[in-house]
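The residues making up each chain are set out below.
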Amino acid sequence: MYRYDEFDRSFVNARVAQFSDQVERRLAGEITEDQFKPLRLMNGVYLQLHAYMLRIAVPYGTLNGRQMRKLAHVARTYDKGYGHFTTRQNIQFNWPALSDIPAILEELASVEMHAIQTSGNCIRNVTADHFAGAAADEVADPRPYAEILRQWSSVHPEFSYLPRKFKIAVTGAERDRAAIQVHDIGLHLKKDADGRLGFAVYVGGGQGRTPMIAKKIRDFLPEEDLLSYTTAIVRVYNLHGRRDNKFKARIKILVHETGTEELTKQIEAEFAALRDGELKLPDKDIRAIETYFAPPPLTPRPEGDDAVRQARLDSKDFADWLGQNVTTHKHADYAAVTISLKAIGEAPGDATDQQMEAVAALAEQYGFDEIRVSHEQNLVLPHVARADLKAVYDRLVETGLATANSNLISDIIACPGLDYCALANARSIPVAQEISRRFASLERQREIGELKLKISGCINACGHHHVGHIGILGVEKKGSELYQITLGGSGDETSSIGEIVGRGFAPDAITDAIETVVETYLGLRSDPSERFIDAYRRVGPAPFKEALYGREARAA
Amino acid sequence: MKILTANRLHDGEAVWFGTNGHWNEAIAGAAIAVDDEAVTALERIGVEAYENNQVVDVELIDVALADGEILPKRLRERIRAAGPTNRSDLGKQARPMISRAA
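Conventions adopted
- Residues numbered from 1 in each chain as written.
- Chains lettered and ligands numbered in written order.
- Predicted model: local features only at pLDDT ≥ 70, side-chain atom pairs only at ≥ 80, totals over all residues.
- Heavy atoms only, no water.
- Helix = DSSP H or I, 4+ residues; strand = E, 2+ residues; numbered from the N terminus.
- Rg over C-alpha atoms; globule rule 2.2 N^0.38 Å.
- Buried < 20%, exposed > 50% of the residue type's maximum accessible area, 1.4 Å probe, protein only.
- Areas by Shrake-Rupley, 256 points an atom, 1.4 Å probe, with all protein chains shown as cover.
- Lys, Arg positive; Asp, Glu negative; His and termini not counted.
- Charge placed at Lys NZ, Arg CZ, Asp CG, Glu CD.
- Salt bridge = Lys/Arg side-chain N within 4 Å of Asp/Glu carboxyl O.
- Domains from an automatic or database assignment.
- Pairing = 2+ DSSP bridges.
- Contact = heavy atoms within 4.5 Å.
- Axes fitted to C-alpha atoms, helices over the stretch in contact; angles between N-to-C directions.
- Buried area = accessible area lost by both parts, 1.4 Å probe.
- Polar contact = N/O pair within 3.5 Å; in protein donor to acceptor, adjacent residues only side chain to side chain.
- Nonpolar A, V, L, I, M, F, W, Y, C, P; charged D, E, K, R; others polar.
- Patch = residues over 30% accessible without salt bridge, like charges linked within 9 Å, V, L, I, M, F, W, Y side chains within 5 Å.

1. With respect to the overall build of chain A
Then, in step 1: Helices and strands together make up the secondary structure of chain A, namely 18 helices and 20 strands.
Then, in step 2: Against the globule reference of 24 Å for 556 residues, chain A gives a C-alpha radius of gyration of 23 Å, in line with a compact fold.
Then, in step 3: Considering only C-alpha atoms, chain A reaches an extent of 60 × 60 × 60 Å along its principal axes.
Then, in step 4: Taken over 556 residues, chain A has a buried fraction of 63%.
Then, in step 5: A total accessible area of about 20600 Å² is found for chain A, and carbon and sulfur atoms account for 50% of it.
Then, in step 6: Separation of charge centres in chain A, based on 68 positive and 77 negative side chains, amounts to 4 Å.

2. A word on the pattern of salt bridges
Then, in step 1: The final tally for this structure, using the stated rule, is 63 salt bridges over all chains.
Then, in step 2: Note that A:K216 and A:D219 form a salt bridge whose closest N and O atoms lie 2.7 Å from each other.
Then, in step 3: Taking the shortest distance from any N to any O, the salt bridge between A:D388 and A:R301 comes out at 3.1 Å. One end of the pair, A:D388, is in the loop between β15 (379–385) and α13 (389–398); the other, A:R301, is in the loop between α9 (283–292) and α10 (304–314), and 87 residues separate them in sequence.
Then, in step 4: Connected via shared salt-bridge partners are B:R8, B:D11, B:E13, B:E25, B:K92 and B:R95.

3. Describing helix α2 (residues 75–82) of chain B
All names here are of chain B.
Then, in step 1: In terms of residue burial, α2 counts as a mostly covered element, since six of its eight residues are buried.
Then, in step 2: Taken as a whole, α2 has its buried residues at L75, R76, E77, I79, R80 and A81.
Then, in step 3: Where α2 ends, the next residue or the one after it, G83, has phi of about 125 degrees, a positive value.

4. Topic: the domain arrangement of chain A
Then, in step 1: On domain assignment, one finds that chain A holds domain 1 (6–109), domain 2 (142–292), domain 3 (304–398) and domain 4 (413–555).
Then, in step 2: A separation of 33 Å is found between the C-alpha centroids of domain 2 of chain A and domain 3 of chain A.

5. What to know about the sheet that holds strand β2 (residues 14–17) of chain B
All names here are of chain B.
Then, in step 1: The sheet built from five strands is open, its strands ordered β3-β2-β1-β4-β5 with antiparallel pairing. Strands with a single pairing partner mark the edges of an open sheet, and in this sheet they are β3 (23–24) and β5 (69–72).
Then, in step 2: Of the pairings in the sheet, the one linking β2 to β3 comprises two bridges and is antiparallel in character. Within the sheet, the bridge partner assigned to F17 lies in β3 and is W23.
Then, in step 3: The strands touched by helix α1 (residues 36–51) within the sheet are β1 (2–8), β2, β3 and β4 (55–66), with β4 carrying the most contacts at an inclination of about 150 degrees.

6. Concerning the environment of A:L482
Then, in step 1: Along the chain, A:L482 falls in strand β19 (residues 480–487).
Then, in step 2: Placed 23 residues apart in sequence, A:L482 and A:F505 show a C-alpha to C-alpha distance of 5.4 Å.

7. A word on the interface of chain B and chain A
Then, in step 1: Across the contact, 24 residues belong to chain B and 30 residues belong to chain A.
Then, in step 2: Buried area between chain B and chain A, summed over both chains or domains, comes out near 2200 Å², and the portion from carbon and sulfur atoms is 54%.
Then, in step 3: When the buried area of chain B at its contact with chain A is split by residue, B:L9, B:R76 and B:N86 rank highest and sum to 23% of it.
Then, in step 4: Counting across the interface, chain B meets chain A through one salt bridge.
Then, in step 5: Across the pair B:R74 and A:E476 runs a salt bridge whose closest N-O atoms are separated by 3.0 Å.
Then, in step 6: Taken together, the connections running from chain B to chain A amount to eleven residue pairs in polar contact (both at pLDDT 80 or more).
Then, in step 7: Of all the secondary structure elements, the ones that give two or more residues to the side of chain B that touches chain A are β1, β4 and α2 of chain B.
Then, in step 8: With four residues, the single largest contributor to the side of chain B that touches chain A is α2(B).
Then, in step 9: Split by residue class, the side of chain B that touches chain A holds eight nonpolar, eight polar and eight charged.

8. Quick notes on unusual backbone geometry
Negative phi characterises most residues that are not glycine, and trans characterises most peptide bonds.
Then, in step 1: The phi dihedral of A:D369 is positive, around 60 degrees, even though this residue is not glycine.
Then, in step 2: On the accessibility criterion, A:D369 (26% relative accessible area) is partly exposed.
Then, in step 3: Positive phi outside glycine occurs at B:D67, with the angle close to 50 degrees.
Then, in step 4: You can see B:D67 is positioned in the loop between β4 and β5.
Then, in step 5: By relative accessible area, B:D67 is classed as exposed at 82%.

9. A look at the sheet that holds strand β18 (residues 470–477) of chain A
Residues and elements named next belong to chain A.
Then, in step 1: Reading across the sheet, the five strands line up as β16-β17-β18-β19-β20 and stay open at both edges, with mixed pairing between neighbours. If you trace the sheet from one side to the other, it starts and ends with β16 (413–414) and β20 (499–500), each paired once.
Then, in step 2: Bridging between strand β17 (residues 453–456) and β18 involves four bridges; their strand directions are parallel. For K454, the partnering residue across the bridge sits in β18 and is G471.
Then, in step 3: Seen against the sheet, helix α14 (residues 429–438) touches β16, β17, β18 and β19 and runs at an angle of roughly 155 degrees to β17.

10. Quick word on the environment of A:I533
All names here are of chain A.
Then, in step 1: For I533, the position within the fold is in helix α17 (residues 532–539).
Then, in step 2: Along the backbone, I533 and G61 are 472 residues apart, and their C-alpha atoms lie at a distance of 27 Å.
Then, in step 3: Once residues within four sequence positions are removed from consideration, I533 is found in contact with H469, G488, G489 and S490.

11. Things to note about a nonpolar patch on the surface
All names here are of chain B.
Then, in step 1: Residues M1, I32, V34 and L65 make up a contiguous nonpolar surface patch of roughly 360 Å² in combined accessible area.
Then, in step 2: By the secondary structure assignment, M1 is in the segment before β1.
Then, in step 3: For M1, a relative accessible area of 41% gives the class partly exposed.

12. Quick notes on the pairing of β15(A)
All names here are of chain A.
Then, in step 1: Among the seven residues in β15, seven count as buried, and that is most of the element.
Then, in step 2: Sheet analysis places strand β14 (residues 371–373) next to β15, joined by two bridges and oriented antiparallel. By the bridge assignment for β15, R372 is matched with V380.
Then, in step 3: Here β14 folds back onto β15, and the loop between the two strands holds five residues, one of which, Q377, carries a positive phi near 65 degrees.

13. A few points about the side chain of A:D320
Residues and elements named next belong to chain A.
Then, in step 1: You can see D320 is positioned in helix α11 (residues 316–325).
Then, in step 2: Using a relative accessible area of 16% as the deciding quantity, one classes D320 as buried.
Then, in step 3: Ignoring sequence-local partners within four residues, the contact set of D320 consists of A404 and R446.

See below:
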């Protein structure tokens, strides 16, 4: 994985020193809150309901054991013993004192981590497929390009005060696990007919109050043009994106209001002026960054097949976990392991310091020291020998991390919601917990099959409800929480925005409503292999509306 | 009926302005303004504390009295006063001594 060079190290250390000084001056009353707020946001420090919150970047979701241990240490020493992994592949601590944040940042810098550009109207942490470098269906590892974008966008003088925040996601496979079509820029790394690497470029996707699926504006952009083309996009956005209204300031609105054709024309014109300039990526530079992401030495471990076969026979729980949380690796003797942070009844994405330590130890012992954070709020060990899967599983069981629910209904994405967040209108976590408990039986969950359920506590949609097969949006109505259900959303290569199915449900009725939706699906699916999303796309919302509101509608 | 709340600058702790003239870590004992004059007085205290860099995010919030206890009208403020509803071991609710002391 990427290692800091001298420049990175001194850059991050300089930022820690700078922000430490700013905190000190703020605490001494030498600068006002109005002056300080934009500075703290540039360093990932928010103020929430109960305390400050520190959001730490995990570039393209990649961590090593030492970094994970440092996060555990921060949780234990400066926070309340846990952290929250987010849909942006980052981690948030919910309780740090402002006066401790300089010390935390210094600790993080010692393991090549920081909180730079995790907030503010700048280019945020670039996200990537959490199976990058491991997935069997991958054309190439997308992370070298994410790293190139990170270096280019860090304190980029032209793009530090954009109209609004800007999110870029990269995937290297046809199967989109990075939700690239709901990002400001989505990059799909692929090969052309001659085998050259490049990108399909999507622009103007996003969720929030105006959800939009991105428009593809380039089918193939050669890799050497990555920075010049991205610069062209962001420059056009910076120039024409709306600054008069925060809610209309994202590039998706610019794409929508300008029209894809016209905007593409403007971007291409800018690109034509840039493409042969200093932003053209020399091949040797790309290949040099690529070496940081070279696959680990995956020595043959053919004994894995027998080991797994025997262990499956010995333990049904292991067999279930294997079927659900283990993904095919490009090397036949290896597998990628999803560590569920969605134990039944727990807050999605939360991990204790002990769990972080346990994952770090597993990565070091069995996983070539690599860990990923997925945008679905789980952790991943991308390279585990199949021969070691049982040992890894046994250790995960010991720390409550072996829930075999990846991609099932209890693998819920949920934002922190009103239990923590100053922007939220309703709680998300308790709703997720209750649904998780209702569907606690893994047998029942497997019978239901793949089902992406996502919950947001406000229209900002941090819980990705718009792209949930079932989405739940919490709103405040007459002082009470109310939950709207959306159906038919999807965040993969067939992205779609869910449709609101009808009036909302009170907190004590939302779980029943979700169960009604699920039972309706089970009753109408053509066969057990027809997933919820496919069934919904086939039949539309009518049967679900009838099941949820029919009796009441007829009575009215 | 309103009370004055904020977050303490140095650690972000949710605090309420109390009848004791201090910013307290518990909502119990918050100074209640029942008329316009008292609301204005609280407002002034808030502005001053903000300008003195004691607190940030100062807000007057609507409350009612239920069995003699202050109950914020909005759920958001009830959660601020207690802690996350999914974690009774965190926030004010986990520190009854502090609640009582206020």
